[in-house]
Amino acid sequence: MRTPYFLIDEKRLIHNLEILKEIQEDTGCKILLAQKAFSMFSVYPLIRKYLAGTTASGLYEARLGKEFFGGETHVYAPAYREDEFEEILNTADDIIFNSPSQLRKYGERAKRAGKSIGLRVNPECSTQEGHEIYDPCGPGSRLGTVLSELDEELLPMLDGLHFHTLCEQNSDDLETTVKAFEEKFGACLRGMGWLNMGGGHHITRKDYDIQRLKRIIRHFQETYDVTVYLEPGEAVVLNAGFLVSEVLEIVHNGIDIAILDTSAACHMPDVLEMPYRPPVQNSGMDGEKSYTYRLAGPTCLAGDIIGDYSFDEPLKAGSRIVFEDMANYKMIKNNKFNGMRLPDIAVCHENGEIQLVKSFGYEDFKCRLS
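The model shown is predicted, which means the values in this text are computed figures rather than measured ones.

Criteria and cut-off values
Within each chain, residues carry numbers counting from 1 in the order of the written sequence. Per-residue local features of the predicted model are confined to residues with pLDDT of at least 70, and side-chain atom pairs are confined, for both listing and counting, to 80 or more; whole-chain, interface and lining totals are unaffected and use all residues. Note that the side-chain values use all heavy atoms of the structure and ignore hydrogens as well as water. Paired strands, as defined in this entry, are two strands with at least two bridges between them according to DSSP. Runs of E in the DSSP output that reach at least two residues are strands. Runs of H or I that reach at least four are helices, and both are numbered from the N terminus. Each axis is a line fitted through C-alpha atoms, and for a helix only the stretch in contact is used; angles between axes span 0 to 180 degrees, taken between their N-to-C directions. Residues count as neighbours in contact if any of their non-hydrogen atoms are within 4.5 Å of one another. By salt bridge we mean one thing: a side-chain nitrogen of Lys or Arg within 4 Å of a carboxyl oxygen of Asp or Glu. Burial status follows relative accessibility: with a 1.4 Å probe on protein chains alone, a residue under 20% of its type maximum counts as buried, one over 50% as exposed, and anything between as partly exposed. Any residue with relative accessible area above 30% and no salt bridge may belong to a patch, with like charges joined within 9 Å and the nonpolar Val, Leu, Ile, Met, Phe, Trp and Tyr side chains within 5 Å. Note on areas: Shrake-Rupley with a 1.4 Å probe; residue coverage comes only from the protein chains shown.

K.L.:
Please clarify how the pairing of strand β11 (residues 256-260) should be interpreted in this entry.
P.N.:
For a regular strand, the rule is simple: side chains alternate between the two faces of the sheet. The pairing of strand β10 (residues 241-252) with β11 spans five bridges and is classified as antiparallel. Its bridge partner lying in β11, Val247 is registered against Leu260. What sits between β10 and β11 in their antiparallel hairpin is a turn of three residues, with Gly254 showing a positive phi close to 80°. Here β11 pairs with strand β12 (residues 291-296) via three bridges, running parallel. Across the sheet, the residue bridging to Ala258 is Leu295, located in β12.

Below you can see the structure in the form of structure tokens.
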């Protein structure tokens with residue numbers, strides 16, 4: 001296939017889904033696909049065999065989930081637009097508000113429309129270090145209502161509470177979070193129907209403590225008589241996707257630099273935003289193997305650098321570079337800076353057949369402009 005392209009491995013995807021399905025069956029909780037991490041709707045028919053529905057961060061994600069996934073459609077946004085809210089009412093089953101003022105503005109309309117409504121709360125308990133950009137409990141966070149701003153007169157309107165504080169974390173951090181949540185908001189939860197523990201749970205990672213997660217879920221179900229929701233995105237597709245690229249040229253400036261047809265800025269912007277070093281198949285750290293290269297993109301951005309990697313054999317124009325764990329937050333965050341072509345999208349089915357799902361070209365670039 002022409003590079004670059006994303007490849008989703010169905011076997012690996014099903015492996016993750018089986019783990020999530022077992023947790024639902026053993027505890028009675030409901031797990032939703034967080035579309036902000038993965039919105040490849042061509043594989044929604046497979047995923048919906050395992051999960052209860054989708055979560056959305058706004059109208060368009062909600063529409064995508066309802067149209068192509070089905071099941072339950074949940075939506076949360078820091079603030080809703082008046083000119084979109086009627087369509088959200090016609091699309092979502094559960095609507096989560098970020099603040100008491102948003103709840104006052106839209107809550108009664110949502111209730112009259114028969115929707116289940118909730119409030120996102122902020123337990124003010126940060127368990128992250130080193131990447132504040134992904135920390136919803138950081139100082140001054142706009143995400144969720146802190147206890148001091150909670151208007152208890154609004155609680156009878158609510159069907160549930162929602163918190164989301166994690167990012168690629170284990171269940172020990174969830175346990176720390178729920179203790180803070182219970183201390184602040186546990187009394188508010190009584191009489192409600194559900195608790196949404198958000199995403200960031202790295203459930204399908206090999207070292208994830210699933211038994212602790214199950215104990216946490218059961219505790220809330222038995223103590224407060226609520227349905228527990230989880231909405232992981234990354235855990236659904238962890239290690240199930242690849243980005244295949246090709247070396248276009250090798251240049252030298254103090255270090256050998258491999259210019260790829262894949263861009264950090266356009267195709268994996270988290271590399272620059274977080275930052276992080278994506279795994280590359282059959283590679284080592286700088287100097288670990290015989291030949292070290294700086295992998296870089298072809299755009300005019302000087303900082304379009306993916307990282308330094310070493311290989312057993314020298315790279316040359318035409319060499320294939322395979323980036324691993326590329327399903328989450330990659331396709332959905334792609335952009336067309338410099339007119340870069342978006343990577344094609346393909347699926348490797350269980351029988352080994354590779355199917356090209358989507359190909360992109362000039363018209364996709366032009367349609368974003370005027």
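From this point, the narrative continues.
K.L.:
What is the right way to read the sheet that holds strand β2 (residues 30-34) from this model?
P.N.:
Hydrogen bonds between backbone groups are what pair the strands of a sheet, and the pairing can be parallel or antiparallel. Ordered by their spatial adjacency, eight strands build a closed barrel running β2-β3-β4-β5-β6-β7-β8-β9, and the pairing between neighbours is parallel. Neighbour-to-neighbour, the strand axes of this sheet turn through a mean angle of 25°, independent of strand direction. Two strands pair when backbone bridges link them, and strand β6 (residues 116-120) and strand β7 (residues 160-162) are joined in this way by three bridges, in the parallel orientation. Within β7, the residue paired with Arg120 across the bridge is His162. Relative to the sheet, helix α5 (residues 100-112) contacts β5 (94-97) and β6, its axis offset from that of β5 by approximately 160°. Set on the sheet, helix α7 (residues 210-224) makes contact with β8 (194-196) and β9 (227-230); between it and β9 the angle comes to about 145°.

K.L.:
Looking at this structure, how should I read the pattern of salt bridges?
P.N.:
Side-chain pairs of opposite charge can arise whenever the charged atoms involved come near each other. Under the definition given, this model contains 23 salt bridges. In this structure, Asp159 and Lys111 form a salt bridge, with 3.1 Å as the shortest nitrogen-oxygen distance. In this pair, Asp159 is assigned in the loop between β6 and β7 and Lys111 in helix α5, connecting sequence segments 48 residues apart. The exposure class assigned to Lys111 is partly exposed, which follows from its relative accessible area of 32%. When salt bridges that share partners are traced, they join Glu22, Asp26, Lys214 and Arg218 into one network.

K.L.:
Is there a simple way to think about a nonpolar patch on the surface in this case?
P.N.:
A cluster of nonpolar side chains, namely Met1, Ile354 and Leu356, defines an oily patch on the protein surface of about 270 Å² accessible area. With respect to the secondary-structure elements, Met1 resides in the segment before β1 (5-9).

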